[in-house]
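Understanding the architecture of this molecule
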Amino acid sequence: MVEAITDANFEEKTNTGVTLTDFWATWCGPCRMQSPVVEQLADEMGDKVSFSKMDVDQNPETARNFGIMSIPTLLVKKDGAVVDSIVGYHSKEQLAKILDQYI
């Protein structure tokens, strides 16, 4: 399951274990392509990685704090520290390979 999170609960939801947050917007075509890939990964890897998404139009503060200028951007954190930032559309295989490094 991919949980929708906000500026208010981002730190709380991403400070433990390996997390992937999909920064997206409703008007973004590549974001709409990336979303089902993230959902599939959540189904397959949800026991090892916490998956969330954040609408940058409704929650601009977190995106600004991390310098996110392009979407989709996938932010990978491990125990609260950013370990990877992936910009643009990526396949399920590409993302799984990246996440496997941090599990």
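None of these values were measured; they are calculated from a predicted model. Per chain, the residues get numbers from 1 upward, laid out in the order the sequence is written. Only residues with pLDDT of at least 70 get local features here, since the model is predicted, and only at 80 or more are side-chain atom pairs given and counted; chain-wide, interface and lining totals rely on the full set of residues. Note that water and hydrogens are dropped before the side-chain values are worked out from all heavy atoms of the structure.

**Here's the deal with the packing of aromatic side chains**
To keep it simple, the criterion reads: Two aromatic rings, drawn from Phe, Tyr or Trp (for Trp, its six-membered ring), form a pair once their centres lie within 6.5 Å of each other, and the interplanar angle then sorts them: stacked below 30 degrees, edge-to-face above 60, tilted otherwise. Secondary structure counts use DSSP, requiring at least four H or I residues in a row for a helix and at least two E residues in a row for a strand, with both numbered from the N terminus. Under the scheme applied here, a residue whose accessible area is under 20% of the maximum for its type counts as buried, over 50% as exposed, and between as partly exposed, the area being computed with a 1.4 Å probe on protein chains only.
Considering all chains together, one arrives at two aromatic pairs under this definition. Pairing phenylalanine 10 with phenylalanine 23 gives two aromatic rings, centres 6.1 Å apart and planes at 55°, and the pair type is tilted. In this pair, phenylalanine 10 sits in helix 1 (residues 10-13) while phenylalanine 23 sits in strand 2 (residues 18-24), placing the two residues 13 residues apart along the sequence. Owing to a relative accessible area of 0%, phenylalanine 23 belongs among the buried residues under this scheme. Here the aromatic rings of phenylalanine 10 and phenylalanine 66 are separated by 5.5 Å at their centres, their planes lie at 65°, and the arrangement is edge-to-face. Taken together, the residues span a long stretch of sequence, with phenylalanine 10 in helix 1 and phenylalanine 66 in the loop between helix 3 (60-65) and strand 4 (73-78) at a distance of 56 residues.

**Observations regarding the nonpolar core**
Put simply, the rule reads: We define a nonpolar core as any set of buried Ala, Val, Leu, Ile, Met, Phe, Trp, Tyr and Cys residues linked to one another through side-chain atoms lying within 4.5 Å. The criterion used for residue contact is that any of the two residues' heavy atoms lie within 4.5 Å.
Grouped together as the largest cluster of nonpolar side chains are 18 residues, with contacts concentrated most on Leu20, Leu41, Met45, Val49, Phe51, Val76 and Leu99. Going through the elements one at a time, strand 2, helix 2 (29-45), strand 3 (49-55), strand 4 and helix 4 (92-100) are the ones with two or more residues in this core. Counting residues per element, this core draws most heavily on helix 2, at five residues. With near-sequence residues (within four places) excluded, valine 76 lies in contact with Val18, Thr19, Leu20, Ala81, Val82, Val83, Asp84, Ile86, Leu99 and Tyr102. Counting residues in hydrophobic clusters, the runner-up holds 13 residues, among them Phe10, Ala63, Ile71 and Leu75.

**Describing the UniProt feature "site: Deprotonates C-terminal active site Cys" (unreviewed entry) in the protein chain**
Using the following cut-off: UniProt positions are given in the numbering used here, feature names are shortened, and annotations may be inferred rather than shown by experiment.
UniProt feature "site: Deprotonates C-terminal active site Cys" (unreviewed entry): in the numbering of this structure it lies at Asp22. Position of aspartate 22 relative to the elements: it lies in strand 2. Judged by relative accessible area, aspartate 22 falls into the buried class, the value being 3%. Beyond its immediate sequence surroundings of up to four residues, aspartate 22 is in contact with Ser35, Val38, Ser52, Lys53, Met54, Pro72, Thr73 and Leu74.

**Things to note about helix 2**
Put simply, the test is: One fewer than the residue count of a helix, multiplied by 1.5 Å, yields its expected span.
Between its terminal C-alpha atoms helix 2 stretches 25 Å, which fits the 24 Å expected from 17 residues at 1.5 Å a residue. Those residues of helix 2 that are buried lie in contact with strand 1 (2-4), strand 2, strand 3, strand 4 and helix 4.

**Re the pairing of strand 3**
A regular strand places its side chains so that they alternate between the two faces of the sheet. This is how the line gets drawn: Pairing between two strands requires that DSSP report at least two bridges joining them.
Buried residues dominate strand 3, accounting for five of its seven residues. The pairing of strand 1 with strand 3 spans three bridges and is parallel. Residue pairing across strands places alanine 4 opposite lysine 53, the latter belonging to strand 3. Of the pairings in the sheet, the one linking strand 2 to strand 3 comprises seven bridges and is parallel in character. By the bridge assignment for strand 3, threonine 19 is matched with serine 50.

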